[in-house]
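# Reading the structure
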Amino acid sequence: QVQLVESGGGLVQAGGSLRLSCVVSGNIFSINTMGWYRQAPGKQRELAAQITDSDNTRYLDSVKGRFTISRDNAKNTVYLQMNSLKPEDTAVYYCRITSSAGVYYWGKGTLVTVSS
């Protein structure tokens, strides 16, 4: 069984920063891609940032230059540093990983609320 546990969400004022963490545990041989998705109320879930096992990164256009994704393979953890937050960044942020076998796993999400 594989578990993903996110943390670091909360309420922050516009212009502030938050750092999300996602720890992966359980029976998983290796992790390829790690990513953060987000879903705002009434909207579809979208990819915010992604990092491969080669440390190639990909970002949603609206977060480029403000968000930074990183991973610590020794700790099976992925991070999302979010700076210059805007009210439109308000969403539930979900961690997702892809195993070497091509299986997706999701976390339960952490809520980020940015007040204006």
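Presented here is an overview of the structure given in this document.

Across its full length, the protein carries zero helices and eleven strands. Relative to the 2.2 N^0.38 estimate, which gives 13 Å for 116 residues, the radius of gyration of the protein is 14 Å and therefore close to what a compact globule would have. Dimensions of the protein, computed from C-alpha atoms along their principal axes, come out at roughly 45 × 25 × 25 Å. When each of the 116 residues of the protein is scored for burial, the buried share is 41%. Contacts spanning at least 24 positions in sequence make up 53% of the contacts within the protein whose residues lie at least 6 apart. When the accessible surface of the protein is totalled, it reaches about 6300 Å², and 45% of it is carbon and sulfur. Between the centroid of the 12 positive side chains of the protein and the centroid of its 8 negative side chains there is a distance of 3 Å.

Moving on, we come to empty space enclosed by the protein. Applying the stated criterion across every chain yields a total of one cavity of 30 Å³ or more. Roughly 40 Å³ of internal volume is contained in the largest cavity. The wall of the largest cavity is formed by T33, M34, G35, Y37, Q50, R96, I97 and T98. The set of elements that each furnish at least two residues to the lining of the largest cavity consists of β4 (31-39) and β9 (91-99). Its residues placed into classes, the lining of the largest cavity shows three nonpolar, four polar and one charged.

Considering all chains together, one arrives at one disulfide under this definition. Disulfide partner of C22: C95, at an S-S distance of 2.2 Å. Taking the sign of the S-S torsion, -85 degrees for the link of C22 and C95, the bridge is left-handed. Here the residue C22 occupies a position in strand β3 (residues 18-26), and C95 occupies one in strand β9, the gap between them amounting to 73 residues. By relative accessible area, which is 0% here, C22 ends up buried. Using a relative accessible area of 0% as the deciding quantity, one classes C95 as buried.

About the thresholds
- Residues numbered from 1 in each chain as written.
- Predicted model: local features only at pLDDT ≥ 70, side-chain atom pairs only at ≥ 80, totals over all residues.
- Heavy atoms only, no water.
- Helix = DSSP H or I, 4+ residues; strand = E, 2+ residues; numbered from the N terminus.
- Rg over C-alpha atoms; globule rule 2.2 N^0.38 Å.
- Buried < 20%, exposed > 50% of the residue type's maximum accessible area, 1.4 Å probe, protein only.
- Contact = heavy atoms within 4.5 Å.
- Areas by Shrake-Rupley, 256 points an atom, 1.4 Å probe, with all protein chains shown as cover.
- Lys, Arg positive; Asp, Glu negative; His and termini not counted.
- Charge placed at Lys NZ, Arg CZ, Asp CG, Glu CD.
- 1 Å grid on protein atoms, 1.4 Å probe; cavity = no way out; pocket = protein on both sides within 12 Å on 5 of 7 lines; lining within 4 Å.
- Points joined across faces, edges and corners; volume = space filled by probe spheres on them.
- Nonpolar A, V, L, I, M, F, W, Y, C, P; charged D, E, K, R; others polar.
- Disulfide = S-S within 2.5 Å.

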